[in-house]
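Spelled out from the first residue to the last, the chains are:
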Amino acid sequence: MRHLASALIFCAAPAAVLAQEVRCRNCSHVVPYFKGEGGFIAAVAGGADAVTFYASCGSIMTSGEEAPDADGIVSMLFNRGNGLACDLDDGGTFELGPVIDGGWYWITDARNTAVGSLLDKDVVGSPTVEPTDAGPGVEMTDGRGVVFIKETSTGRVGILPTILPAAPPPVLRKCGFSGAGTAASPFRRVATDCELGDGGTILLATATNSLNGTSRRVVDRGAVVRPPEGATGTVILTVDLWGNGTGHFVSDSTATGTGVLLGQPAVANTDARAAARLTGVTYTVNRGSGPTAVEIADGSTFGGVSVASGANLTTVTVAAEAAYCGANADHSLAISVSAAVASATDAAQVTPVLDLGAGGAAGETSFTIVCP
């Protein structure tokens, strides 16, 4: 450890000037009650090579550095041997850093030792509470966000925080809708006292087997199994655009009933899907993805995959195809679907406005058609 002590010579320079010369620019935490002998222990922040400290006791200011051990832990003593014990009645101040939260300190009185947590400098100055007065048998001395308590009859001491932990703010419900869609509980728009999202969107793809009617969600970069060679059944994929679930509400303040469900992903797999999907959306279906992708035009078929656009959705139908999956073939086919919302009016159909990319890009999903 190396440190420097300075006595303020008031006739030579203003105290504030000298204090600025030795202030701790890297200090992140404070010892809330600094009086007498004690010490601290903390873990350095950000892999710092040393922890800087700045102590003041009346007109004496001491600054210096302390190197951490191999585990990144730094500790120091406040004692008369190193000049860091402050014996003034009002105590002094001690700042250090950079260290992380979790460090602690101790102050040793005549018969006992009190222990407390180092405080982040940004916390110091927060509102405090007045500790309950225990009467003349207990001495209470204010610190910075703490009170040093001493029972006079026994000499027992303690450090009591007076900056109390703040209760977490109430969790707001997400903006969107309420109700169950029944006469007793109709859908209602939730646009106040709610948490607003980021305007992001998702493309939802679901696959339905035309033979058994089963339906499942196809996750991005998932797989769709093609019907076997000779099969007459198909796999029908429906792809449409929704909000990303972070919280939004329909911008039309007069909307009622299912009208308030616009873009809500919570209803995407219900009977309200057709009424609730985002509008003004165009879709592009490609074989492959990225710069080498080739569009499968609406109404056309490629490799047993046909595309048909509907009202604010696109449908991709996958049929058997011997050239891809058959006795002499085993080939997969990558498909990507992108969505765009070109109109500013359509982008503002919900609040917050849809967060779109260049050209109104609203998102992309992809899947690979594989052989059974």
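This text follows the structure it describes.
Here the structure is a predicted model, which means the values were calculated and not measured.

Criteria and thresholds
Residues numbered from 1 in each chain as written. Predicted model: local features only at pLDDT ≥ 70, side-chain atom pairs only at ≥ 80, totals over all residues. Heavy atoms only, no water. Pairing = 2+ DSSP bridges. Helix = DSSP H or I, 4+ residues; strand = E, 2+ residues; numbered from the N terminus. Core = buried A, V, L, I, M, F, W, Y, C linked by side-chain atoms within 4.5 Å. Buried < 20%, exposed > 50% of the residue type's maximum accessible area, 1.4 Å probe, protein only. Contact = heavy atoms within 4.5 Å. Salt bridge = Lys/Arg side-chain N within 4 Å of Asp/Glu carboxyl O.

A. Expanded view of the sheet that holds strand β25 (residues 313-318). If you trace the 6 strands from one edge of the open sheet to the other, you get β17-β16-β19-β25-β24-β23, paired in antiparallel fashion. The outermost strands of the open sheet, each flanked by one partner alone, are β17 (215-217) and β23 (301-302). One ladder, built from 3 bridges, connects strand β16 (residues 201-209) with β17; its direction is antiparallel. If you follow Thr206 over to β17, its bridge partner there is Arg217.

B. The arrangement of the nonpolar core in detail. Core analysis: the biggest nonpolar cluster contains 44 residues, and Leu237, Leu241, Val305, Ile335 and Phe367 have the highest contact counts within it. Those elements that place two or more of their residues in this core are β16, β19 (235-243), β21 (282-287), β24 (305-310), β25, β28 (333-340) and β30 (361-370). Broken down by element, this core gets its largest block of residues, 5 residues, from β19. Here Val305 is in contact with Arg226, Ile296, Ser300, Val316, Thr317, Val318, Leu333, Ile335 and Ile369, once residues within four sequence places are set aside. Core analysis: the next-biggest nonpolar cluster, separate from the first, contains 26 residues, Phe34, Ala114, Phe148 and Ile159 among them.

C. Summary view of the pattern of salt bridges. In the structure shown here, the tally under the stated rule is 8 salt bridges. As a salt-bridge pair, Arg144 and Glu95 come within 3.9 Å of each other at their nearest N and O atoms. One end of the pair, Arg144, is in the loop between β11 (138-142) and β12 (146-151); the other, Glu95, is in strand β7 (residues 93-97), with 49 residues separating them in the sequence. Asp109 serves as the salt-bridge partner of Lys150, at 2.7 Å between the closest nitrogen and oxygen. You can see Lys150 sitting in strand β12 and its partner Asp109 sitting in the loop between β8 (104-108) and β9 (113-117), a full 41 residues away along the chain. Asp109 sits in the partly exposed class, given a relative accessible area of 24%. Shared partners join several salt bridges into a network, and the residues in it are Glu37, Arg80 and Asp87.

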